[in-house]
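# Structural description and commentary
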Amino acid sequence: MDMRPIGVFDSGLGGLTAVRCIEELLPNENIIYFGDTGRVPYGTRGEDVIRKYTDEDCNFLESFDVKLIIAACGTVSSVAGDILHSRSVCAVDVVEPTARAAVSATRNKRIGIIGTAATVRSGSYAKVIEALMPEASVYAKECPMLVPLVENGWINEDDSIARLCVERYLETLKTMSIDTLILGCTHFPLLIPHIRAYLGEDVSLISAGGEAAMAAAEILKKSDSLTGASSLGNTAFYVSDKSQNFKNVCRIFLGRDPGDINVVDINRFTK
Ligand code: DGL
């Protein structure tokens, strides 16, 4: 048994898709969430900056003596996975579990990937898929504009801007007859209604945040590191800036009110 909290972070609020999944799978665990809302997006930045931010985000979570860190961010996992996994604390990224799930889901071996520019440039998901299923055809498309849409809550089914953006980004993938699509950025599950409406019901959608949360739950169970508590766990939320409609967007991601949200000066966590 291990009573310490689980640390989860993302460049913004997308990582809350992983928190939601952990809360459902492991309701007795305590969680510390950090969303770097003051510096989002990461996906349009260069590698050095993403790596520096990753280091600071991990330093912040480690100050809570977390037992495991989930990098609930496709960009961090793709560009700074080595920084994450070289730490003394156990860490889970989104790439490996998500790529595995896509390989299990595909029937026609045609897999699409959408993510940020940095994620697609890294080829991270494609590399894991090719290692697991060399005969697969993989098609990746960067969709940077979807991140600010989600961070600003422009996601409703009747939102024509979200619909048009999704359609424009997915146009080529749709012609490739993919039967599985990796939502390689943790912000994208909030656009599932638009993605489904455009691609149809037959395409399996694999959510990076959800897969990482399931992988983390497996690790904690296997290593006998769950709290063992019978009472509900607590999730504490930290961000580097509170935007105007922040609470509303949090509510959409989490499916509940987040309660108090703390602001942290993340620049203090440079080592
Ligand atoms: N949530 C981040 C990811 O999964 C993307 C947002 C960003 O560009 O910072 O890649």
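Below: a short report on this structure. (Residues numbered from 1 in each chain as written. Predicted model: local features only at pLDDT ≥ 70, side-chain atom pairs only at ≥ 80, totals over all residues. Heavy atoms only, no water.)

The next thing to look at is the site of the ligand. Around the ligand, the structure places 14 residues, and the nearest of them are S11, Y42, G74, T75 and H187. Side-chain polar atom of S11 to an oxygen atom of the ligand: 2.6 Å apart, as the coordinates give it. Here an oxygen atom of the ligand sits 2.6 Å away from a polar atom, N or O, in the main chain of Y42. Coverage of the ligand by the protein chains reaches 99% of its 300 Å² of free accessible surface. Here the ligand is seated within the largest cavity. Split into classes, the residues belonging to the shell around the ligand amount to 6 nonpolar, 7 polar and 1 charged. (Near = heavy atom within 4 Å. Polar contact = N/O pair within 3.5 Å; in protein donor to acceptor, adjacent residues only side chain to side chain. Areas by Shrake-Rupley, 256 points an atom, 1.4 Å probe, with all protein chains shown as cover. 1 Å grid on protein atoms, 1.4 Å probe; cavity = no way out; pocket = protein on both sides within 12 Å on 5 of 7 lines; lining within 4 Å. Sits in = over half its atoms within 2 Å of the grid points. Nonpolar A, V, L, I, M, F, W, Y, C, P; charged D, E, K, R; others polar.)

Generally speaking, a soluble globular protein has its nonpolar side chains buried in company with each other. Residues L181 and I195 are the most contacted members of the largest nonpolar core, which totals 71 residues. Residues within four places of L181 in sequence aside, it is in contact with G112, I113, I114, L170, L173, I195, L199, V203, S204, L205 and I206. The next biggest cluster of nonpolar side chains, apart from the first, holds 24 residues, and it includes I32, L84, Y238 and V264. (Core = buried A, V, L, I, M, F, W, Y, C linked by side-chain atoms within 4.5 Å. Buried < 20%, exposed > 50% of the residue type's maximum accessible area, 1.4 Å probe, protein only. Contact = heavy atoms within 4.5 Å.)

This part covers empty space enclosed by the protein. According to the stated counting rule, one finds 1 cavity of 30 Å³ or more in the structure shown. Reported here for the largest cavity is a volume of approximately 60 Å³. Lining the largest cavity are 13 residues, and of these S11, T75, T116, C185 and H187 sit closest to its centre. (Points joined across faces, edges and corners; volume = space filled by probe spheres on them.)

Here we have 6 strands laid out as an open sheet, ordered β4-β3-β1-β2-β9-β10, and parallel in their pairing. With partners counted over all chains shown, the strands left at the sheet margins are β4 (90–92) and β10 (261–263), one partner each. Each adjacent strand pair in this sheet contributes to an overall mean axis angle of 20°, direction not counted. Bridging between strand β1 (residues 6–10) and strand β2 (residues 31–35) involves 5 bridges; their strand directions are parallel. Within β2, the residue paired with G7 across the bridge is I32. Its contacts with the sheet put helix α1 (residues 16–25) on β1, β2, β3 (68–71) and β9 (235–239), and the angle it makes with β2 is roughly 170°. (Pairing = 2+ DSSP bridges. Helix = DSSP H or I, 4+ residues; strand = E, 2+ residues; numbered from the N terminus. Axes fitted to C-alpha atoms, helices over the stretch in contact; angles between N-to-C directions.)

Turning to the sheet that holds strand β6 (residues 137–142), a few remarks are in order. Pairing within the open sheet is parallel, and its 4 strands lie in the order β6-β5-β7-β8. The sheet terminates laterally at β6 and β8 (204–207), the two strands that pair on one side only. Taken over all neighbouring pairs, the strand axes of this sheet differ in orientation by 20° on average, direction set aside. Bridge analysis of strand β5 (residues 110–115) against β6 gives 6 bridges, and the strand direction is parallel.

Let us now look at helix α2 (residues 47–62). Between its first and last C-alpha atoms α2 spans 22 Å; for 16 residues at 1.5 Å apiece the expected length is 22 Å, and the two agree. Within the sequence span of α2, burial applies to I50, Y53, T54, E56, D57, C58, N59, F60 and L61. (Expected span 1.5 Å × (residues − 1).)

The next thing to look at is the pattern of salt bridges. Summed over all chains, the structure comprises 20 salt bridges. One salt bridge connects E24 with R20, and the closest N-O pair in it is separated by 3.9 Å. Placement of the pair is E24 and R20 together in helix α1, with a separation of 4 residues, close to one helical turn. The exposure class assigned to E24 is exposed, which follows from its relative accessible area of 59%. For R163, the salt bridge identified is with E167, shortest N-O distance 3.6 Å. Linking R163 with E167, this pair stays in helix α9 (residues 160–175), spanning 4 residues, or about one helical turn. Given a relative accessible area of 37%, R163 falls into the partly exposed group. (Salt bridge = Lys/Arg side-chain N within 4 Å of Asp/Glu carboxyl O.)

For the rest of this paragraph, the subject is the side chain of D179. Along the chain, D179 falls in the loop between α9 and β7 (180–183). D179 sits in the buried class, given a relative accessible area of 7%. Apart from the residues within four sequence positions on either side, D179 is in contact with T106, R107, N108, R110, D202, V203 and S204.

Here the focus is the packing of aromatic side chains. Scanning the model with the defined rule gives 7 aromatic pairs in all. When the centroid spacing of 5.1 Å and the interplanar angle of 80° are considered together, the rings of F60 and F269 count as edge-to-face. Linking F60 in helix α2 with F269 in the segment after β10, this pair joins segments that are 209 residues apart in sequence. With respect to class, F60 is no different from F269; both count as buried. (Phe/Tyr/Trp six-rings, centres within 6.5 Å; stacked < 30°, edge-to-face > 60°.)

Keep in mind these numbers describe shape, not what the thing actually does.
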